[in-house]
Amino acid sequence: MSAKCDHHGSKKKKQLRQLFGCLTIFVIAVLFIILLVWLILRPTKPVFNLQDATVYQFNVTQPNFLSSTLQITVASRNPNDKIGIYYDKLDVYASYRDQQITLPTVLPQTYQGHKDVNIWSPYIYGNTIPIAPFLAVSLDQEQKSGYVLIHIRINGKLRWKVGTWISGHYHINVNCPAALTFGSKFNGINVGPALKYQIGRDCHTDV
């Protein structure tokens, strides 16, 4: 009886090893196919361009507060001819010397088809946003000198779409430099109470 039980136990272990081996081979094959398709298609990250920025308010007040209201126009182009992009979450805000100076504005979720271009024109603003004291001094000095460099940043998540297959989420970080000029150095357009700057500059994108 003992020998017979050992025989059945050994047979069951063998079947389990075979099943595990088949599952392992199947998983490896699926991953290899996905990798092969990925390498063939070679997805290219989207290209963002900051087209213009309209400044309605940009004031430093004592002791170290900044109030600003801007409207920007930013375009995103999908350079892939076989891959679509889902933008599931995108937040846009302005920063000065790596410190966020406006509240984040949420861009609408959208799907971007092959070679398509999407354009957003959100408002970004912040009322009496506290900034570091040394940044307040620097920003005030630069504004009085007529030249301030800020960065428009976009952070969020996207997914790639190939046929019916959709990837998991990937983080995307976009950085767009924007030079604002004031006083005698102003090189934009007066639009009522606002100052409009034509920028037309590609942004740095990490995915």
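On a predicted model such as this, the values are computed, not experimentally measured, just so you know.

Asks: Help me understand the pattern of salt bridges in this model?
Replies: Note on pairing: side chains with opposite charge can pair once their charged atoms come close. Inspection of the entire model under this criterion finds 5 salt bridges. With its nearest N and O atoms 2.6 Å apart, the salt bridge here joins Asp91 to Lys89. A salt bridge links Asp140 to Lys144; its shortest N-O distance comes to 3.2 Å. Pair noted here: Asp140 and Lys144 are both in helix α2 (residues 133-145), with a separation of 4 residues, about one helical turn. Taking the relative accessible area as the measure of exposure, Lys144 reaches 67% and is therefore exposed.

Asks: Where do I start with the UniProt feature "domain: Late embryogenesis abundant protein LEA-2 subgroup" (unreviewed entry) in the protein in this structure?
Replies: Those places that UniProt annotates as "domain: Late embryogenesis abundant protein LEA-2 subgroup" (unreviewed entry) correspond, in this numbering, to residues 73-176. Structurally, residues 73-176 is divided into 12% helix and 61% strand, and its ends, taken at the C-alpha atoms, are 11 Å apart.

Asks: Looking at this structure, I do not really get the state of the cysteines. What am I missing?
Replies: What we call a disulfide is simply a covalent bond connecting the sulfur atoms of a pair of cysteines. Summed over the entire model, instances satisfying the criterion amount to 1 disulfide. The residue that forms a disulfide with Cys176 is Cys203, at a sulfur-sulfur distance of 2.0 Å. Sign of the S-S torsion, about 105° for the bond between Cys176 and Cys203, identifies this disulfide as right-handed. With Cys176 in strand β11 (residues 170-181) and Cys203 in the loop between β13 (194-202) and β14 (204-206), this residue pair connects regions lying 27 residues apart in the sequence. The same class applies to Cys176 and to Cys203, which are both buried.

Asks: Sorry if this is basic, but what is going on with the pairing of strand β9 (residues 147-162) here?
Replies: Side-chain direction in a regular strand flips from residue to residue, so the side chains alternate between the two faces of the sheet. Bridge count for strand β3 (residues 84-96) against β9 is 11 bridges, and the pairing is antiparallel. Directly across from Ile85, in β9, lies its bridge partner Trp160. The sheet contact formed by β9 and strand β10 (residues 165-166) spans 2 bridges and is antiparallel. Within β10, the position partnered with Lys161 by the bridge is Ile166.

Thresholds, definitions, all that
- Residues numbered from 1 in each chain as written.
- Predicted model: local features only at pLDDT ≥ 70, side-chain atom pairs only at ≥ 80, totals over all residues.
- Heavy atoms only, no water.
- Salt bridge = Lys/Arg side-chain N within 4 Å of Asp/Glu carboxyl O.
- Helix = DSSP H or I, 4+ residues; strand = E, 2+ residues; numbered from the N terminus.
- Buried < 20%, exposed > 50% of the residue type's maximum accessible area, 1.4 Å probe, protein only.
- UniProt positions renumbered as here; feature names shortened; annotations may be inferred.
- Disulfide = S-S within 2.5 Å.
- Pairing = 2+ DSSP bridges.

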